[in-house]
Amino acid sequence: MHYRNVTLSTRVSAAQKAEYVRLAAKYNVSVSEWALTLIEHHKNDYGSIGEPTPKEVKLERALELKNKEIQKLKAQRDTTDEYAANMQQRSNKAIHDRDESTYALKQALVEVEKYKSHLKIVESLIGSERPKENNKKSLITPISIGMTTILAIVIFGKRFS
């Protein structure tokens, strides 16, 4: 235990002394006891007042690292957002192209049905029978027989009348 047997003094103005007496009275101690408490409490702070403590330095460094990590994550997010937007555009284009192809196919099918109906109408006007194809290369075809018959009627019909 330390014995207090040495006096320490300092010079202050009357206004400062009145303030110190008031502060000491607030805590029910003498001005000397109040000053001693302040000195003991701050004896290692002289010259470093206003400078950060080691704990504050450590926290500041941790904060800087977190801020750098946040910036890195923001850049990754932006890159990811850009990639996602690009993929969404590609997907939308593929869907649009598919829809265009489906529409074109439907239009072609409508055209085919239209031509089939036209073909049926033409076949009904001409007749539903189609000439049979044979593998023989004959010079006599149904058309040539029809033409010969018409020619014979025209030629022989005039002689008999």
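So, here is what we can say about the structure in this document. (Residues numbered from 1 in each chain as written. Predicted model: local features only at pLDDT ≥ 70, side-chain atom pairs only at ≥ 80, totals over all residues. Heavy atoms only, no water.)

With that settled, the discussion passes to unusual backbone geometry. Positive phi outside glycine occurs at Asn28, with the angle close to 60 degrees. Examined against the element boundaries, Asn28 turns out to sit in the loop between helix 1 (14-26) and helix 2 (31-42). Here Asn28 falls in the exposed class, since its relative accessible area comes to 72%. (Helix = DSSP H or I, 4+ residues; strand = E, 2+ residues; numbered from the N terminus. Buried < 20%, exposed > 50% of the residue type's maximum accessible area, 1.4 Å probe, protein only.)

On to the pattern of salt bridges. Close approach of charged atoms allows side chains with opposite charge to pair. If you walk through the whole model with that rule in mind, you get eight salt bridges. Ionic pairing is found between Asp78 and Arg77, a salt bridge with its closest N-O pair at 3.2 Å. Asp78 sits in the partly exposed class, given a relative accessible area of 42%. Lys114 serves as the salt-bridge partner of Glu111, at 3.6 Å between the closest nitrogen and oxygen. Remark: Lys114 and Glu111 occur in helix 3 (residues 54-126); sequence separation between them is three residues, near one turn of the helix. The exposure class assigned to Glu111 is partly exposed, which follows from its relative accessible area of 33%. Under the relative-accessibility criterion, Lys114 is labelled partly exposed at 37%. (Salt bridge = Lys/Arg side-chain N within 4 Å of Asp/Glu carboxyl O.)

What follows is about a nonpolar patch on the surface. Taken together, Ile150, Leu151, Val154, Ile155 and Phe156 make up a surface patch of nonpolar side chains, about 460 Å² in accessible area. Along the chain, the position of Ile150 falls in helix 4 (residues 142-160). When its relative accessible area of 52% is taken as the criterion, Ile150 is described as exposed. (Patch = residues over 30% accessible without salt bridge, like charges linked within 9 Å, V, L, I, M, F, W, Y side chains within 5 Å. Areas by Shrake-Rupley, 256 points an atom, 1.4 Å probe, with all protein chains shown as cover.)

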